[in-house]
Amino acid sequence: MTDHTTDRGWFTGLASGSVDGAREAIESGSAAEPADWPRRAVDAGFASDEDNYYELLHEATVAATRAAVVDRERADDKQLLHAVRAMDDATRTANELAERLGEWAGTLFDDAGTGVDAARQLVDHEPESPLEARVISLAERVDDLAGEAEELRTFIERQAPEVAPNLSEMAGPVLAARLIALAGGLEALAKKPSGTVQVLGAEDALFAHLAGRGSSPKHGIIYTHEYVSGTRPEDRGSAARAFAGKLSIAARVDHYSGERRPEIHADLEDRMSTIQARADDDATGGDQ
Amino acid sequence: MTDLPESIQRREFDGRQRLATRGEPVYGEPTDGEWRLWDAGRSKLGAMVETGMDVDLTAVDSVLYLGAASGTTVSHVADFAGPTYAVEFAPRPTRDLLDVAAERPNLFPLLKDARKPETYAHVVESDLDLLVQDVATRGQASVAVDNARFLADDGQLCLAVKARSEDVTVDPETVFEDVREAVAAAYEIVDTRRLEPFHDDHLAVVARKR
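Residues numbered from 1 in each chain as written. Chains lettered and ligands numbered in written order. Predicted model: local features only at pLDDT ≥ 70, side-chain atom pairs only at ≥ 80, totals over all residues. Heavy atoms only, no water.

A.B. asks: Just give me the short version of the overall build of chain A, but keep the residues and values in it.
C.D. replies: Helix and strand counts for chain A stand at 13 helices and 0 strands. Along chain A, helices (α) and strands (β) appear in the sequence α-α-α-α-α-α-α-α-α-α-α-α-α when read from the amino end. Sequence separation of 24 or more characterises 60% of the internal contacts of chain A that already satisfy a separation of 6 or more. If you sum the accessible surface of chain A, you get close to 15000 Å²; carbon and sulfur atoms cover 48% of it. (Helix = DSSP H or I, 4+ residues; strand = E, 2+ residues; numbered from the N terminus. Contact = heavy atoms within 4.5 Å. Areas by Shrake-Rupley, 256 points an atom, 1.4 Å probe, with all protein chains shown as cover.)

Set out below in structure tokens:
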């Protein structure tokens, strides 16, 4: 009992017989080793006897855990949805402004190029007139916005695996976040059939098809994944269907259980090697 | 053979003798008066008892349950035991666990990571009689070893090891061999058994703290 931290139970510092403030103590407290907390709580006057201690503990743990669950669920997927939309907005706006800037800066500086990288070079110029000051200031905004988009991407790459471990492992964190955003949340994504997941992000093409114009889209946003884009065109429909099927399962596991399920990832890899081997088979078949 | 307290009985359901405990039904399980069926196919601890593993539940009072999930199994544990601490890491199943706990004054739910016992050692008491572990994470053996601190000197461990959580590419028997070896750092292994047909690719380990 020389280590002071081991002497502090969750009830330390709370008023006798009251669980006010218990949530904070249960959630952020810690101890190196457990102890005979019921006896200590009675000795310290927090509880009148052991039964009373367990009543208080029950009330405190149920309330603290309920509040923590609400927070964690609220915190997670909806925040990811905002982050990925903000990242896209920041990227798009940076590009639009960079285009405007390229046009304007071209009239003032010989070395002015176009795009975000060119804007970043302009930032280093020393303005020699009020006009140049405006152009360089605009370049700084572009730089900031592009920087914000990068920070948001880093945040998403860290956060998505917390929210949806299986979906992030399978799709990569950014695509996982985009799917969650397109569906409107992890629960909404988990409830969608895999055929819908396959064409999420291709709504325009889908509705055109339903209105009798054009063929049905084979893939939506999942096209950005190498499993789809890296497969030859004639097999892309199969690849997109197989990929979307496993993504749906991953989203359901993440929403309903939260456990990592290595076997679904192995299944998908198997299926993808089979689909991609068709191209190899055709190639070797042609040689013979 | 598993030694059972009076609060766990084998009763007849659908013409077969099956395990049952006494308490509020939680997931639509069949009941017989106050007794409700404890389905070994839905519970790894239930499967350990059903297959007659060498575990003594007669004198179990206090319990720490790691990986409580929605609370299916831990509800039965709280029916036959005293103070029961239930740790679960994922928010979604914990929501269901809270409903189970609300009906059971001796069940204490905690949203915590079983790999970090110091984050709940200020709540969970020492000298517990039983540690039940069913977590699907890598390093299941080291979770059991790290949580041995909560057990009394002769406290029992009922551990369900899921081979695929460790490494899908490795043969389950190899995984189980490594787990047995690692668990032996803190426990004396009493009994081990595969849980087929109730649960595929799971090894059950019963052990006593050294």
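A.B. asks: Residue-level account of the environment of Phe11 of chain A, with values.
C.D. replies: Residue and element names in this part refer to chain A. Mapped onto the fold, Phe11 is located in the segment before helix H1 (22-28). A relative accessible area of 6% places Phe11 in the buried class. Along the sequence, Phe11 and Ala47 sit 36 residues apart, while their C-alpha atoms lie 9.4 Å from each other. Sequence-distant contacts of Phe11, that is, excluding residues within four places in its chain, are made with Trp37, Arg40, Ala41, Phe46 and Tyr53. (Buried < 20%, exposed > 50% of the residue type's maximum accessible area, 1.4 Å probe, protein only.)

A.B. asks: Outline the pattern of salt bridges, listing residues and values.
C.D. replies: Residue and element names in this part refer to chain A. Summed over the entire model, instances satisfying the criterion amount to 32 salt bridges over all chains. Put simply, Arg178 and Asp88 hold a salt bridge, and the shortest N to O gap is 2.5 Å. You can see Arg178 sitting in helix H7 (residues 173-183) and its partner Asp88 sitting in helix H3 (residues 50-106), a full 90 residues away along the chain. (Salt bridge = Lys/Arg side-chain N within 4 Å of Asp/Glu carboxyl O.)

A.B. asks: So what's going on with the packing of helix H5 (residues 130-163) of chain A against H7 of chain A? Residues and values would help.
C.D. replies: The description of two packed helices rests on the angle between their axes and on the distance between the axes. Residue and element names in this part refer to chain A. It is at 8 Å that the axes of H5 and H7 come closest, and there the two elements cross at 80 degrees. In terms of orientation, H5 lies roughly perpendicular with respect to H7. Counted together, Arg153, Ile156, Glu157, Ala160 and Pro161 of H5 and Pro173, Val174, Ala177 and Arg178 of H7 form the full contact between these two elements. Within the contact of H5 with H7, the residues separate by chemical class into 6 nonpolar, no polar and 3 charged. (Axes fitted to C-alpha atoms, helices over the stretch in contact; angles between N-to-C directions. Parallel < 35°, antiparallel > 145°, perpendicular 65-115°, else oblique. Nonpolar A, V, L, I, M, F, W, Y, C, P; charged D, E, K, R; others polar.)

A.B. asks: An account of the environment of Lys246 of chain A is requested, with residue identities and associated values reported.
C.D. replies: All names here are of chain A. Mapping Lys246 onto the fold places it in helix H12 (residues 233-256). Remark: the alpha-carbon pair of Lys246 and Leu268, spanning 22 residues in sequence, is separated by 6.6 Å. Here Lys246 is in contact with Met170, Ile264, Asp267 and Leu268, once residues within four sequence places are set aside.

A.B. asks: Describe the sheet that holds strand E3 (residues 31-32) of chain B, naming the residues involved and giving the relevant values.
C.D. replies: All names here are of chain B. Spatially, 4 strands are ordered E1-E2-E4-E3 in an open sheet, and the strand pairing comes out antiparallel. Edge positions in the open sheet fall to strand E1 (8-13) and E3, since each of these has one partner strand only. Bridge count between E1 and strand E2 (residues 16-22): 6 bridges; the pairing is antiparallel. Of the residues in E2, the one forming a bridge with Gln9 is Ala20. (Pairing = 2+ DSSP bridges.)

A.B. asks: Explain the packing of aromatic side chains to me, using residue names and the numbers behind them.
C.D. replies: Applying the stated criterion across every chain, the model contains 12 aromatic pairs over all chains. With a centroid separation of 5.9 Å and an interplanar angle of 85 degrees, the aromatic rings of Trp10 of chain A and Phe11 of chain A are classed as edge-to-face. Through successive ring pairs, a cluster of aromatic residues spans Trp10, Phe11, Trp37, Phe46, Tyr53 and Tyr54 of chain A together with Tyr85 and Phe108 of chain B. (Phe/Tyr/Trp six-rings, centres within 6.5 Å; stacked < 30°, edge-to-face > 60°.)

A.B. asks: Can you lay out a negative patch on the surface for me, pointing to particular residues and giving the numbers?
C.D. replies: A cluster of like negative charges, contributed by Asp20, Asp49, Glu50, Asp51, Glu55 and Glu59 of chain A together with Asp61 of chain B, occupies part of the molecular surface. Mapped onto the secondary structure, Glu50 of chain A falls in helix H3. A relative accessible area of 47% means that Glu50 of chain A is categorised as partly exposed. (Patch = residues over 30% accessible without salt bridge, like charges linked within 9 Å, V, L, I, M, F, W, Y side chains within 5 Å. Lys, Arg positive; Asp, Glu negative; His and termini not counted. Charge placed at Lys NZ, Arg CZ, Asp CG, Glu CD.)

A.B. asks: Could you give an account of the nonpolar core, naming the residues involved and the relevant values?
C.D. replies: Across soluble globular proteins, nonpolar side chains have a tendency to be buried as a group. With 51 residues, the main nonpolar core has Trp10, Phe46 and Tyr53 of chain A together with Leu64, Leu66, Tyr120 and Tyr187 of chain B as its most contacted residues. If one sorts the elements of this core by residue count, H3 of chain A sits on top with 6 residues. Apart from residues lying up to four places away in sequence, Leu64 of chain B is in contact with Tyr85, Val87, Tyr120, Val124, Leu128, Leu130, Leu131, Val132, Asn147 and Phe150 of chain B. Core analysis: the next-biggest nonpolar cluster, separate from the first, contains 40 residues, Ala181, Ala242, Leu247 and Ala250 of chain A among them. (Core = buried A, V, L, I, M, F, W, Y, C linked by side-chain atoms within 4.5 Å.)

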